[in-house]
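What the coordinates show
Residue-level listing of the chains:
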Amino acid sequence: MISLYNASIPCFIHALQNLSEILKKGAAYAAEKKFDPAVLVNARLAPDMFPLAKQVQITTDIDKGFAARISGTENPKYEDNETSFDELQARIAKTIAFLKSIDEKKVAGQEARNIELTVGKRDLKFNGLDYLLQFVIPNVYFHITVAYSILRHNGVALGKNDFLGNIQREQKQAA
């Protein structure tokens, strides 16, 4: 049986590392084509969707929010003021550091933990497992997919392997 911790924290770290690599490719593309990287940081898929920077902010907020709520740890507060690739990378790095600080023992057995949060004007209530499966995982991968899509739509050479990351290397390290 897979633990709540193993179904979440390591997966989110992996996804954030992949997002970091995707953003590096976006920054490199802007440098190669000699245009202001802020064009990509502020790019959207559609006028009513959030820009790239906000997609990254939401992804990190969901990851750290899950980790904090499920482990009973204080949720770090971020200013949401990132306007460059470097600032987005720093946000990802501090989120990964926070996720790595979560004690696996504090997550163990929290499948039934009551989780309550407000999203927009909606009050949501979950148990720990449903929070992970019905809210956190879909939201994390949605926002990473949108970030990927914004960059791909704007000409950054990305493929499925960029989204998935280096799975084989990680499996070998775990063995």
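For the structure given in this document, a descriptive report is provided here. (Residues numbered from 1 in each chain as written. Predicted model: local features only at pLDDT ≥ 70, side-chain atom pairs only at ≥ 80, totals over all residues. Heavy atoms only, no water.)

**Topic: helix α1 (residues 9-33)**
With 25 residues, α1 should cover 36 Å at 1.5 Å per step; its first-to-last C-alpha distance of 36 Å lies within 8% of that length. Just past α1, the residue Lys34 takes up positive phi, approximately 60 degrees. (Helix = DSSP H or I, 4+ residues; strand = E, 2+ residues; numbered from the N terminus. Expected span 1.5 Å × (residues − 1).)

**What to know about the pairing of strand β1 (residues 114-119)**
Examined bridge by bridge, β1 and strand β2 (residues 122-127) share six bridges and lie antiparallel to one another. Directly across from Thr118, in β2, lies its bridge partner Asp123. Linking two consecutive strands that pair antiparallel, namely β1 and β2, is a turn of two residues; a positive phi of about 65 degrees is found at Gly120 within it. (Pairing = 2+ DSSP bridges.)

**A word on the nonpolar core**
Core analysis: the biggest nonpolar cluster contains 50 residues, and Leu19, Leu23, Phe66, Tyr131, Val136 and Leu151 have the highest contact counts within it. At the level of elements, α1, α2 (38-41), α3 (52-71), α4 (85-101), β1, β2 and α6 (128-153) are the ones that each hand at least two residues to this core. When residues in this core are grouped by element, the largest group, 11 residues, is from α6. The residues contacting Val136, other than those within four sequence positions of it, are Phe12, Ile62, Phe66 and Tyr131. (Core = buried A, V, L, I, M, F, W, Y, C linked by side-chain atoms within 4.5 Å. Buried < 20%, exposed > 50% of the residue type's maximum accessible area, 1.4 Å probe, protein only. Contact = heavy atoms within 4.5 Å.)

The analysis is restricted to geometry; functional conclusions fall outside its scope.
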